[in-house]
Amino acid sequence: MKKSTVSELEQAALEIRKNLLHLCLVEAIHIGGDLSVADIMTVLWQYQMKYDPENPNDEDRDRFVLSKGHASAVTSFNQAAIGCFSPEDVIKEYAADKGRFSMHSCSLVNPFVEVSTGSLGHGFPIACGMAAALKLKGNTASRVYVVMGDGEQAEGSVWEAAMNAVHQELGNLVAIIDFNGLEADGRIDEITALGNIAEKYGSFGWNVCEFDGNDIAEIKRQFDSLPAVASKVPTVFVCHTVKGMGVPFMENQAGWHAGKITKEQFETAINALEHTVGNGD
Ligand SMILES: Cc1ncc(C[n+]2csc(CCOP(=O)(O)OP(=O)(O)O)c2C)c(N)n1
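Calculation rules
- Residues numbered from 1 in each chain as written.
- Predicted model: local features only at pLDDT ≥ 70, side-chain atom pairs only at ≥ 80, totals over all residues.
- Helix = DSSP H or I, 4+ residues; strand = E, 2+ residues; numbered from the N terminus.
- Rg over C-alpha atoms; globule rule 2.2 N^0.38 Å.
- Buried ≥ 20, exposed ≤ 12 C-beta atoms within 10 Å, placed from the backbone.
- Contact = placed C-beta atoms within 7 Å.
- Core = buried A, V, L, I, M, F, W, Y, C linked by C-beta atoms within 7 Å.
- Axes fitted to C-alpha atoms, helices over the stretch in contact; angles between N-to-C directions.
- Parallel < 35°, antiparallel > 145°, perpendicular 65-115°, else oblique.
- Nonpolar A, V, L, I, M, F, W, Y, C, P; charged D, E, K, R; others polar.
- Arc of directions from axis to C-beta.
- Pairing = 2+ DSSP bridges.
- Near = placed C-beta within 6 Å.
- Left-handed = near helix turned anticlockwise from the far one by under 90°.

So, on to the overall build of the protein chain. Each helix and strand counted, the protein chain has 11 helices and 5 strands in total. The C-alpha atoms of the protein chain give 17 Å as radius of gyration, which agrees with the globular expectation for 281 residues (19 Å, within 12%). In terms of overall dimensions, the protein chain has C-alpha extents of about 50 × 45 × 40 Å along its principal axes. Counting over 281 residues, the protein chain shows a buried share of 48%. In the protein chain, the share of contacts with a sequence separation of at least 24, taken over all contacts with a separation of at least 6, comes to 78%.

Below is the structure:
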């Protein structure tokens, strides 16, 4: 079900994190990057996006592309929250390894996935193509949202797409960068430093919004302030987040990029989470 207030969204994000931990107890998932992007995904799916689970092919739906395709679990639990399926389905099928859910999103088995992703740097150019196609068809109702990682910014295809989106005046495109400072096995700064990513997108001609991507009120404010779909400039959200957010022993630890947790770790994590919900509005 859709939410409308900050406090409802904070509760919803807490539920998403709990679901992630339940799944992480039975299967290895990309828990660090699921948790960093959980607040953004909750506001996106449970508040912002125009999407009817009864009609996933509606021409006027908003489109979603998970370019950091390894964050499939947080996507599936948000889709469950709006009624696409149940959280129990996600856990059962993911664990059985023969259903709609797995470490990466697959459109062949899951009708709520617009495009299969997992190979970093591919989702963003595809999202640009989708936004361009909508424009060509004269669709002024739909936006295309694409979520990327900060490590993913090292892919050359990201910058080809970034240039082309401005050239094609894709005001219906919203790129979201989950800037948690870590990739799979270390710090971004030590692997391929990105410099000032907001300035880089700005210099390409994007409308850049930089903010705390773990602050639900701020995320909601930024979505509320998006330019009109028919505007001519694409928007990028540079969201500063914490990898592993909400689970202290995972926060800022590259080692928790992916993995499973023990029963003891599960109890500790759930306990910590119960104390993190803000005051809301
Ligand atoms: C082209 C490509 N190279 C390598 C990988 C392996 N890989 C999976 S996740 C990941 C780290 C991505 O880091 P980031 O984009 O910052 O994601 P996050 O930290 O938010 O999970 C890597 C290198 C991949 N999926 N695709």
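Turning our eyes to something else, we now look at the environment of serine 86. Within the secondary structure, serine 86 is located in the loop between helix H4 (72-81) and helix H5 (87-96). When the C-alpha atoms of serine 86 and glutamate 169 are compared, they prove to be 38 Å apart, with 83 residues separating the residues in sequence.

So, about the nonpolar core. Within the largest apolar cluster, 74 residues are counted, with the highest numbers of intra-cluster contacts made by Leu20, Ala127, Val146 and Ile176. A total of 9 residues in this core trace back to one element, the largest contributor, which is helix H1 (residues 6-26).

Let's shift gears to the packing of H1 against helix H11 (residues 263-273). Angle between the axes and distance between the axes: these two values describe a pair of packed helices. H11 packs onto H1 with a crossing angle of 180° between their chain directions and a minimal axis gap of 10 Å. Between H1 and H11, the crossing angle belongs to the class labelled roughly antiparallel. Contact residues: Leu14, Arg17, Lys18, Leu21 and Leu25 in H1; Phe266, Ala269, Ile270 and Leu273 in H11. Class assignment of the residues belonging to the contact of H1 with H11 gives a composition of 7 nonpolar, no polar and 2 charged.

This brings us to helix H10 (residues 216-224). Of all the positions in H10, only Ile216, Ile219, Lys220 and Gln222 are classed as buried. On an axial view of H10, the arc spanned by its buried residues comes to 160°, and they lie on one face. Considering only its buried residues, H10 is in contact with H1, helix H3 (38-48), strand S4 (207-212) and strand S5 (235-240).

It is worth spelling out the pairing of strand S1 (residues 63-66) at this point. Residues Arg63 and Val65 of S1 are buried on one face, and the alternating residues Phe64 and Leu66, pointing to the opposite face, are buried as well. Here S1 pairs with strand S2 (residues 144-149) via 4 bridges, running parallel. Note on S2: the bridge partner recorded for leucine 66 is valine 147.

As a matter of local geometry, the ligand sits amid 20 residues, with Gly33, Gly149, Gly151, Glu152 and Glu183 nearest to it. Among the residues making up the shell around the ligand, the classes are represented as 3 nonpolar, 11 polar and 6 charged.

For the rest of this paragraph, the subject is the packing of H1 against H10. The interhelical angle for the contact between H1 and H10, taken along N-to-C directions, is 115°, at an axis separation of 9 Å. The way H1 lies across H10 gives a crossing that is right-handed. Taking contact as the criterion, the partners of Val6, Leu9, Glu10 and Ala13 in H1 are, on H10, Ile216, Ala217 and Lys220. Classifying every residue of the contact of H1 with H10 gives 5 nonpolar, no polar and 2 charged.

All quantities given are derived from atomic positions and should not be read as evidence of function.
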